Amino acid sequence: MSSAMQALLDILNLEALEHNLFRGRSPQSGWQRVFGGQVIGQALTAAQRTVAADRHVHSLHCYFMRPGDPAVPIIYEVDRIRDGGSFTTRRVVAIQHGHAIFSLSASFQIDEGGLEHQLPMPDGVPAPETLRPQREFLAAFGDRVPENIRRYWARERPLEIRPVNVEHYTTKNKLPPFQQVWLRATGPVPDDRAVQAAVLAYLSDMTLLDTATFAHGRSVFDPELQMASLDHAMWFHRPHALDDWLLYTQDSPSSGGARGLSRGSIYARDGRLIASVAQEGLVRLRKK
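Nothing here was measured: the structure is a model prediction, and the numbers come from that model.

> Could you clarify how one ought to interpret the overall build of the chain in this entry?
The number of helices and strands found in the chain is six helices and twelve strands. On C-alpha atoms alone, the chain measures out to a radius of gyration of 19 Å, which is about the 19 Å that the 2.2 N^0.38 rule sets for 288 residues. C-alpha atoms of the chain, sized along the principal axes, occupy 55 × 45 × 40 Å. Among the 288 residues that make up the chain, the fraction classed as buried is 50%. The long-range share in the chain, meaning contacts at least 24 apart out of those at least 6 apart in sequence, stands at 72%.

Here it is, written out as structure tokens:
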């Protein structure tokens, strides 16, 4: 297992402080704010710690309210809203410096059978083994990529990303707001559905908001843009061991009002739809 993957599992393993109260830490990587996927994964872990083992997350909805400070711990307070016959509902608030920085609502359900269908995985997607890693494309940008972002992508990471669409790395032309990326954990994920769900929530924040910039000839590295996640929703359709590549297909149906909306579908390599994601983020032109 890579040291970065072990570090991810460690930060998702929250410290229990009191009934319904947990503490999470952030990796000390020099990043100026906490990665949104980390807060989602930790908040989901806190909620799962208060739910019966036979109930599994099927959806979550969350809001980012303040940037997270990686230098200090994050306190997660769980509200046990409802324990029903089939469903359980939890609300989690993440707190730093005495203020709420993030909130999550999640619903859990016992496993049940029922009607089943899914949209198929797109045809003709190149296999991940035929594609170059994302960091190779970013290295080609040289000084055009800000130093802090180069450091962020250069270090060892818990996930490997191989983009199918690479035009946005090489051109400022306006492009269709669609992209596909392959994602894979850089080490084994424990055979535990709660941990697997938290890791999947973590990776669901990867590259998604970027898609909202394509139609404008922009990128996440554009110094004229201020970008941040505002909210995030996720639906877990089928459990998966996260032991192989996942295809993350994304589109952005709209942007406006200094916000961009992106949607994603996460497929297993064999075509099973694992999860669906939607996110709205701040995409603001900086004032000169």
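Now that the structure has been shown, the text picks up again.
> Please explain the packing of aromatic side chains as it appears in this structure.
In this description, a pair of aromatic rings is defined by centroid distance and the angle of the planes. Counted under the stated rule, the structure contains two aromatic pairs. A centroid spacing of 5.1 Å and a plane angle of 75° characterise the contact between F35 and Y202, whose relative ring orientation is edge-to-face. Placement of F35 in the loop between β2 (21–24) and α2 (36–48) and of Y202 in helix α6 (residues 193–203) is noted, with a sequence separation of 167 residues between them. Judged on exposure class, the residue F35 and its partner Y202 are both buried.

> How should I be thinking about the packing of α2 against α6 in this particular structure?
When two helices pack together, their arrangement is given by the angle between the helix axes and the distance between those axes. Packing of α2 against α6 leaves a shortest axis separation of 7 Å and a crossing angle of 155°. As summarised for this structure, α2 and α6 are arranged roughly antiparallel, according to the angle between their axes. Classified by chirality, the crossing of α6 by α2 is right-handed. Across from G37, Q38, I40, G41, L44, T45 and Q48 in α2, the residues of α6 making contact are A194, A197, A198, A201 and Y202. Here the residues of the contact of α2 with α6 sort into seven nonpolar, five polar and no charged.

> Where do I start with unusual backbone geometry in this structure?
A negative phi angle is the norm for most residues apart from glycine, just as the trans form is the norm for most peptide bonds. For T207, which is not glycine, the phi torsion reads 70° and is therefore positive. As for its placement among the helices and strands, T207 is situated in the loop between α6 and β9 (225–236). Look at T207 and you get buried, because its relative accessible area is 9%.

> For this particular structure, what's the right way to read the layout of surface pockets?
Summary: where empty space remains is shown by rolling a probe the size of a single water molecule over the atoms. Of the volumes computed, that of the second largest pocket is approximately 850 Å³. Lining the second largest pocket are 35 residues, and of these V57, R193, F236, H237 and R238 sit closest to its centre. Classifying every residue of the lining of the second largest pocket by side-chain character gives 17 nonpolar, eleven polar and seven charged.

> What is the right way to look at the pairing of strand β3 (residues 55–64) in this model?
Along any regular strand, the residues point their side chains to alternate faces of the sheet. Where burial is concerned, most of β3 is hidden: seven out of the ten residues are buried. Two elements, β3 and strand β6 (residues 99–110), share nine bridges in a ladder whose sense is antiparallel. Residue pairing across strands places R55 opposite I110, the latter belonging to β6.

Rules of the game
- Residues numbered from 1 in each chain as written.
- Predicted model: local features only at pLDDT ≥ 70, side-chain atom pairs only at ≥ 80, totals over all residues.
- Heavy atoms only, no water.
- Helix = DSSP H or I, 4+ residues; strand = E, 2+ residues; numbered from the N terminus.
- Rg over C-alpha atoms; globule rule 2.2 N^0.38 Å.
- Buried < 20%, exposed > 50% of the residue type's maximum accessible area, 1.4 Å probe, protein only.
- Contact = heavy atoms within 4.5 Å.
- Phe/Tyr/Trp six-rings, centres within 6.5 Å; stacked < 30°, edge-to-face > 60°.
- Axes fitted to C-alpha atoms, helices over the stretch in contact; angles between N-to-C directions.
- Parallel < 35°, antiparallel > 145°, perpendicular 65-115°, else oblique.
- Left-handed = near helix turned anticlockwise from the far one by under 90°.
- Nonpolar A, V, L, I, M, F, W, Y, C, P; charged D, E, K, R; others polar.
- 1 Å grid on protein atoms, 1.4 Å probe; cavity = no way out; pocket = protein on both sides within 12 Å on 5 of 7 lines; lining within 4 Å.
- Points joined across faces, edges and corners; volume = space filled by probe spheres on them.
- Pairing = 2+ DSSP bridges.

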